[in-house]
Amino acid sequence: MSYVAPPEVTEDMLAQGTSKSELSSWQQLLRGTISGFVLSGATVMAILAAEEAGNSLVGALVFPMGLAVVVILGLELLTGNFALVPLAVLEGRARLSSLFRSFGVVLAGHVIGGLLCALLFAAWLTEFWTGGAGLLIDGLIDTAEEKTLAYQDLGMSAGISLALLSGILCNWLVVLGVVMGMTSTSTTGKLAALWLPIAAFFYLELEHAVVNLFVIPAGMMVGADVGVVDWLVWNQVPVLIGNLIGGFFLLGLPVYLAFRTKQEDLPADAAEEPSEGL
Amino acid sequence: MSYVAPPEVTEDMLAQGTSKSELSSWQQLLRGTISGFVLSGATVMAILAAEEAGNSLVGALVFPMGLAVVVILGLELLTGNFALVPLAVLEGRARLSSLFRSFGVVLAGHVIGGLLCALLFAAWLTEFWTGGAGLLIDGLIDTAEEKTLAYQDLGMSAGISLALLSGILCNWLVVLGVVMGMTSTSTTGKLAALWLPIAAFFYLELEHAVVNLFVIPAGMMVGADVGVVDWLVWNQVPVLIGNLIGGFFLLGLPVYLAFRTKQEDLPADAAEEPSEGL
Amino acid sequence: MSYVAPPEVTEDMLAQGTSKSELSSWQQLLRGTISGFVLSGATVMAILAAEEAGNSLVGALVFPMGLAVVVILGLELLTGNFALVPLAVLEGRARLSSLFRSFGVVLAGHVIGGLLCALLFAAWLTEFWTGGAGLLIDGLIDTAEEKTLAYQDLGMSAGISLALLSGILCNWLVVLGVVMGMTSTSTTGKLAALWLPIAAFFYLELEHAVVNLFVIPAGMMVGADVGVVDWLVWNQVPVLIGNLIGGFFLLGLPVYLAFRTKQEDLPADAAEEPSEGL
Amino acid sequence: MSYVAPPEVTEDMLAQGTSKSELSSWQQLLRGTISGFVLSGATVMAILAAEEAGNSLVGALVFPMGLAVVVILGLELLTGNFALVPLAVLEGRARLSSLFRSFGVVLAGHVIGGLLCALLFAAWLTEFWTGGAGLLIDGLIDTAEEKTLAYQDLGMSAGISLALLSGILCNWLVVLGVVMGMTSTSTTGKLAALWLPIAAFFYLELEHAVVNLFVIPAGMMVGADVGVVDWLVWNQVPVLIGNLIGGFFLLGLPVYLAFRTKQEDLPADAAEEPSEGL
Amino acid sequence: MSYVAPPEVTEDMLAQGTSKSELSSWQQLLRGTISGFVLSGATVMAILAAEEAGNSLVGALVFPMGLAVVVILGLELLTGNFALVPLAVLEGRARLSSLFRSFGVVLAGHVIGGLLCALLFAAWLTEFWTGGAGLLIDGLIDTAEEKTLAYQDLGMSAGISLALLSGILCNWLVVLGVVMGMTSTSTTGKLAALWLPIAAFFYLELEHAVVNLFVIPAGMMVGADVGVVDWLVWNQVPVLIGNLIGGFFLLGLPVYLAFRTKQEDLPADAAEEPSEGL
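Note that this is a predicted model, so its numbers are computed, not measured.

### A closer look at the overall build of chain A
Along chain A, the regular secondary structure elements total 13 helices and zero strands. Listed N to C, the secondary structure of chain A is α-α-α-α-α-α-α-α-α-α-α-α-α in terms of helices and strands. Rg of the C-alpha trace for chain A: 19 Å, near the compact-globule value of 19 Å for 278 residues, within the 12% margin. With respect to the principal axes defined by its C-alpha atoms, chain A has extents near 60 × 40 × 35 Å. Burial statistics for chain A: of 278 residues in total, 67% are counted as buried. Across chain A, the fraction of contacts at a sequence separation of at least 24, relative to all contacts at a separation of at least 6, is 82%. As displayed, chain A offers around 8,600 Å² of accessible surface, 64% of which is attributable to carbon and sulfur atoms.

Following this line, the structure appears as structure tokens:
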């Protein structure tokens, strides 16, 4: 009976949102850093796999290993928190100040993890910036340029709106993966349930703020013609906002409203089940 | 012992049919909307995967992620309800008025979910209707035209009959997937059991009314030469009726008749097992 | 502990053989009809997948979805019964008359299911016999002709002997799949255990009477140059006899003899475990 | 908690070695025959898959279905017994005479199963030796010739030593697969754990005596230019000895020594757990 | 409920670190030898698969079978111990002298296992150094040369730094795989959870000291133009140090700090759960 039915999933979403908001800043930072690092590694592997196979579905099918680790090891993921923590606030189980602290600290962790991973991989790929070439360097450069300059080419209004829309669609799928990961009490079940929604967002080349905190600076470090301002203006900021909108309004809130039964209506054991990790 | 034997599956079909008919209209609408949205996302991914690989089996093998989410998260799916709710009515566990209300409200949810998802994806793909090109746009246009104009070419009688027949064959497989999803109490088991029947209907290009509520308008929004009347007359209406016939008469009813043992003959625990979600 | 050890598997074979022989004729007929229908759908998908990929292993790997449904939903399958019911008769747990009734009624169900499915798919593929073309029509025609005319070309004695031999080898693998499906109490385990033996028989193009009750008439309905007598003489009858021989003498009986421990030696709970479905 | 930890695996190895040595000769013979037959079928499928795909990894990935059936159904496998039964003798839980009886009788079963399967498949493939052609006949002929004449070309000393060495490396992997199959109490877990070590030996074209009891005579029956003496001298005898050495000295004994804790140190339930079947 | 939540995983990391440090030197040596042998076999298969498919992802996807066996059978792996044993020392549950003994003895086991496996495979591949050719020999030679001479070409400082950095990145992923293997109590779950992080390090061609103890000498034995000093200076020594740094500082320590809750805060059953094997 490893299946977890929807009302318990909804309760688990609230419990996780609550416990995530209560975690010490130090552990939020550390878990956010590890998770940024892990997602970066998965991105590297996925980009290489897509380039080598000449078929991006191959990359998309290995990519979810990163989010799988994040979910299984109960690390912090800002884009997932975008859906879970506001629900806890809505039910009065977390304070708004905790929400802001959590968002800020986890984001800081992602920045540290993404940049550190970018630095290490860039050093390794370019043999300490003395040379180096290959599919992976090309892939990182292309990705970084597409994710910034392509929006810039559309002009301010359309470009930023498109990045925002891409972020909205993306995080609907990411949070769907996170929620699917709660539908099983077995590790295999969690992996199987979250895999394809996550593969989908990567395959459709939608914008995920945490991945971009690695992939754009990594591309810049190995030679992409992208500046820090380009990165932040044309991608990072609008995508972050889009992720917040998509995660909360397209998935977290509708699922909550569609399944939420009042606390007192739940059987005692479900309501008291502690949410560990994730 | 995650396997669920047929008599309990049959009881679960009835219990789900009953509980679905009793759900509040608001939750029916919301769950139908989410499920329309999720099936749309899976369709987008499957079309792109088929186009990119040049082999539609690849698309068919990723497509079931949508129905998997619907089943695992216990969302509402009209084509599944076509088989389950009438059985509950037949046994006197649901009223006919509830059946009509459920069918209507869930359909409304699918319309909202499908059109909203079509709008968002079309805006993103066409960069707000300013341009955009690629495999996915081509795939959506081709799909929308094949699913309407190809029937129109056959003339009124043959065209509509063929759409109806395609809908019948389709929903036999969809409901088979839904029922297979009840044969396990583990999330992995549910996924494994429902996967291939769902892949089969997509692979054989059979007509599924809920998918079509997204894929035809999405194709129209990105440039398919299809009108609203074409969509409704040559596809949506006959397919919906075909889905109802196929789901109930080719699968729901035969399975019910083949396995139904009277309530009082079942061991007490099986009969009292509550059907949650799905 | 989802693994089921061999002595219990043997007991389960006997228990299923017994309960299958005791089922009402009406339910035998209905379950045989559904199972003929389901195997037909799997065959259609497998033929198309093999044709599209140009590699028949691809078809073979999706084909077992049909038998998987039959096993998981506890439907009746004549070729499986060929091994199970005679064992129950041998142990005095079923009567010979029940065996004949079961074989006859389930066969009738397969005939109805196979022909109905052939009719629906042929109508759909040929657009009500007005046209239609494609890989699937070619695949069905080729299959129907190879499965009949190729034996005819060898002459009466060799042709019929070869069909018989092919039926023997085939059903050794089919029953192996059915028995493997009993080695687990989890749905995933059943699926994983039965998958490859079933894929093997399809891949090696061995003759399975129930599949042929669909695939040969379907081929005939879409244009194969095969007559009803060709179908029955060169394939259906010898294959059915071969399936009986292979299923019972190459698998059912040897496995029974190799593992059967007397009823009284088994722990009470194993001996009393009811066999539900399958 | 389907995972079985190493100390219990070691105890299970001993318990199986013991019970295998105590089985009646009749059941040893029958189980050895079935297992020879099943491994032969898997070999046929793997050879065809490798030939058709032009990539032998494809064949290697389907091949383990044979050993999987042997392990799951608790059949007898001489090469596995090479590791397990001597350990039971070493601990005084089985007699040396039982070991010799077991080895001899199971070998006889493999000979019967392999030759019978070879005969049936050769008759079918060659249409009763009247013709027949195709990838599978070519594959069987090539395999039989490579597995004998290639060693002969190297001369007596090097050829036989190489066959022996290949047998040593092979059975290290086969027994690894058998032991991995004991690390889970779930059927899926057993399958997943044993799959790749078995695929590895087939992929590396290492020599397995039981497979060769089918594949070489089958090749000879469909036209390979190999004599019975070639088969036995250049392959069967040295490979059998190599399998014994590799199975016991490279895997069975080291694993036993690395994990064996004295019987009395184990918790009572582990020590008393009966070993059923393989 | 096969999922193991992060706080228990952290406790398991400490318990394993402790029990590994307490194991007798004889068992450490034997387990290290077996594990070196097993990883070598997996490397051979992965290299051949990558060469044959012309796509190194294929090799990477079969490679984790080696580490899977190591984790499931509870063998010793130096690179995993680099993360686990220091944590046990840090918490005062193991002595520093035990750490040094463990590291040294397990390394000795890996040297024996790797070289013995290299010798056996080289003898087999080259037909006792009389000839032999093929994809596998080419693959081993290329790998050995790339893993040494490529670093030498960069000069002392950059070359050794790059090997060190590659070792750091590699063992972050290896230890991630080892830790993921602790997140499930089912064998299937362990396999699924550890698979992709291990595939990632192989796919990215990062340097793993234990694999290199086989693959470089094996390459040298079949003809690579690499000397023993090249092997040790340009690869083995810096990679070993990099593995220690990456395993402990990039994964073991951060995960420990991010999840460690004091022993007394844990529920009694989790704290008392014995860590068996691995």
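### Regarding the relation of the copies chain C and chain D
Under the fitted operation, chain C is carried onto chain D by 0.0 Å of movement along the axis and a turn of 72°, and the coordinates agree to an RMSD of 0.0 Å. Look at the turn and shift together and you get a five-fold axis relating the two. Judged by C-alpha distance, T188 of chain C is the residue of chain C that lies nearest the rotation axis, at 6.0 Å. A different interface surface on each copy is seen, since only 5% of the contact residues of chain C are contact residues in chain D too.

### What about the relation of the copies chain A and chain B?
Placing chain A over chain B gives an RMSD of 0.0 Å and needs a rotation angle of 72°, together with 0.0 Å of translation along the axis. When the interface residues of chain A are mapped onto chain B, a mere 5% of them again fall at the interface, so the copies present different faces.

### Overview of a negative patch on the surface
All names here are of chain A. A cluster of acidic side chains, namely E51, D138, D142, E146 and E205, defines a negative patch on the protein surface. When residues of the negative patch are assigned to their parent elements, the largest contribution, three residues, is made by helix 7 (residues 135–146). Take D138: it is sitting in helix 7. Judged by its relative accessible area of 40%, D138 is partly exposed.

### Describing the interface of chain A and chain B
Accessible area lost upon the coming together of the parts is a frequently used measure of interface size. Opposite the 43 residues of chain A that make contact, chain B presents 40 residues. Contact between chain A and chain B buries roughly 3,600 Å² in total, counting both sides, with carbon and sulfur atoms accounting for 77%. Connecting chain A to chain B are zero salt bridges. Linking chain A with chain B are 13 residue pairs in polar contact (both at pLDDT 80 or more), by the criterion used here. Elements that contribute at least two residues to the side of chain A that touches chain B include exactly helix 1 (6–22), helix 3 (56–62), helix 9 (156–180), helix 10 (187–203) and helix 12 (228–259) of chain A. Broken down by element, the residue count for the side of chain A that touches chain B peaks at 10 residues, all from helix 9 of chain A. When grouped by side-chain class, the residues that make up the side of chain A that touches chain B number 30 nonpolar, 10 polar and three charged.

### Quick look at the interface of chain C and chain D
On the chain D side, the residues contacting the 43 residues of chain C number 40 residues. Between chain C and chain D the total buried area reaches about 3,600 Å² when both faces are included, carbon and sulfur atoms providing 77% of it. Linking chain C to chain D there are zero salt bridges. Run the count over chain C and chain D and you get 13 residue pairs in polar contact (both at pLDDT 80 or more). Broken down by secondary-structure element, the contributors of at least two residues to the side of chain C that touches chain D are helix 1 (6–22), helix 3 (56–62), helix 9 (156–180), helix 10 (187–203) and helix 12 (228–259) of chain C. Counting residues per element, the side of chain C that touches chain D draws most heavily on helix 9 of chain C, at 10 residues. Tallied by class, residues from the side of chain C that touches chain D come to 30 nonpolar, 10 polar and three charged.

Calculation rules
Residues numbered from 1 in each chain as written. Chains lettered and ligands numbered in written order. Predicted model: local features only at pLDDT ≥ 70, side-chain atom pairs only at ≥ 80, totals over all residues. Heavy atoms only, no water. Helix = DSSP H or I, 4+ residues; strand = E, 2+ residues; numbered from the N terminus. Rg over C-alpha atoms; globule rule 2.2 N^0.38 Å. Buried < 20%, exposed > 50% of the residue type's maximum accessible area, 1.4 Å probe, protein only. Contact = heavy atoms within 4.5 Å. Areas by Shrake-Rupley, 256 points an atom, 1.4 Å probe, with all protein chains shown as cover. Least-squares fit on C-alpha atoms with pLDDT ≥ 70 in both. Patch = residues over 30% accessible without salt bridge, like charges linked within 9 Å, V, L, I, M, F, W, Y side chains within 5 Å. Salt bridge = Lys/Arg side-chain N within 4 Å of Asp/Glu carboxyl O. Lys, Arg positive; Asp, Glu negative; His and termini not counted. Charge placed at Lys NZ, Arg CZ, Asp CG, Glu CD. Buried area = accessible area lost by both parts, 1.4 Å probe. Polar contact = N/O pair within 3.5 Å; in protein donor to acceptor, adjacent residues only side chain to side chain. Nonpolar A, V, L, I, M, F, W, Y, C, P; charged D, E, K, R; others polar.

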